[in-house]
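Results of the structural survey
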Amino acid sequence: MALISETIEFDADSLPAPVIGIAAELGKHDSGIHHHVKGQLLYAPQGCITLTLENALCILPPTKAVWIPPYTKHRAQMTNVVAYRSLYFDSSIYTCPEAIEIVEVNELLKALINKMAFWDWNIAPEQTTNTANLFWEEFYSANQYSFILPIPTDRRFKSFCKRVRTASFLAPALSTLANSVGASPKTITRLFKAETGMTYQEWRQQWRLFKAIELLSESRQVGDVAHQLEFSSNSAFIAFFKQQTGQTPLAFVRQQN
């Protein structure tokens, strides 16, 4: 059995097969913080998945899949996800990535994910070898994307980091954050650069992209999203979104339907 619902209890780590696949259909879902002994590949052709990690946020737009290494604590929140596929791999058998990775899902990789997601959980290991090997060949050759946003750990950002993980969070302007932390904008910029690899302004722009993808996945109007994320105009938001993703917000919304 591979097609599951929210009422079915499922634990991939309790199943002995080297590859376990599941397919599910749902609109909204919140997994809560958890981890697996097996590594996990997560993919949804429609909607948006937000992963909360220990010191980072990760956004998974349509046409992308995320690899979650074994023992990685994460929380998956799904917005307008019509269906998703999840594959669990025994990392003692397969050479799996050791870090979170997001890749483009081409037609072949999509077909492989769909096939493996519907495998019987008692399938003989020798029946999975060729397909699983082809999957990893395609995975490692796929284009990678950086939809991962590090969260600073400095104690001065404790309140800020707590709010980042809430649905109502809105990344403030640099001067506002500096006032709330009690540090100069220069100090904030230095700390963010040291801990995240980005200045705060760069970090805030990346966060706005993540939030824009999430809001557009909820079928929000482009103008409403631009206003909520404090862009100066709709055209400024459209230009920003296209520069970051290669498509307009409207094209992204149409892709959801």
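Report on the accompanying structure. (Residues numbered from 1 in each chain as written. Predicted model: local features only at pLDDT ≥ 70, side-chain atom pairs only at ≥ 80, totals over all residues. Heavy atoms only, no water.)

As for the packing of helix α6 (residues 200–217) against helix α8 (residues 234–245)
Here α6 crosses α8 at 100°, and the two axes come no closer than 11 Å. In terms of their interaxial angle, α6 and α8 are classed as roughly perpendicular. Contact residues: Gln205, Gln206, Arg208, Leu209, Ala212, Ile213 and Leu216 in α6; Phe237, Phe240, Phe241, Gln244 and Thr245 in α8. Its residues assigned to classes, the contact of α6 with α8 comprises 7 nonpolar, 4 polar and 1 charged. (Axes fitted to C-alpha atoms, helices over the stretch in contact; angles between N-to-C directions. Helix = DSSP H or I, 4+ residues; strand = E, 2+ residues; numbered from the N terminus. Parallel < 35°, antiparallel > 145°, perpendicular 65-115°, else oblique. Contact = heavy atoms within 4.5 Å. Nonpolar A, V, L, I, M, F, W, Y, C, P; charged D, E, K, R; others polar.)

Thoughts on the packing of helix α4 (residues 174–181) against helix α5 (residues 185–196)
Between α4 and α5, the least distance of the axes is 9 Å, while the angle of their chain directions is 95°. By the angle class used here, α4 and α5 are roughly perpendicular. For the pair α4 and α5, the contacting residues are Leu174, Leu177, Ala178 and Val181 in the first and Pro185, Ile188, Thr189 and Phe192 in the second. Grouping the amino acids of the contact of α4 with α5 by side-chain chemistry returns 7 nonpolar, 1 polar and no charged.

Side note on unusual backbone geometry
Unlike most non-glycine residues, threonine 63 shows phi in positive territory, near 75°. Of note, threonine 63 is situated in the loop between β6 (56–60) and β7 (64–68). Phi is positive for serine 219, close to 65°, though the residue is something other than glycine. Tracing the backbone through its elements, the reader meets serine 219 in the loop between α6 and α7 (222–228). The class of serine 219 is partly exposed, set by a relative accessible area of 48%. (Buried < 20%, exposed > 50% of the residue type's maximum accessible area, 1.4 Å probe, protein only.)

Side note on the state of the cysteines
Summed over all chains, the structure comprises 0 disulfides. Cysteine 48 carries a free sulfur, and the closest cysteine sulfur to it, the one in cysteine 58, is 9.7 Å from it. The exposure class of cysteine 48 is buried, given its relative accessible area of 0%. Just so you know, cysteine 96 is unpaired, no disulfide at all, and the nearest cysteine sulfur is the one on cysteine 58, 17 Å from it. (Disulfide = S-S within 2.5 Å.)

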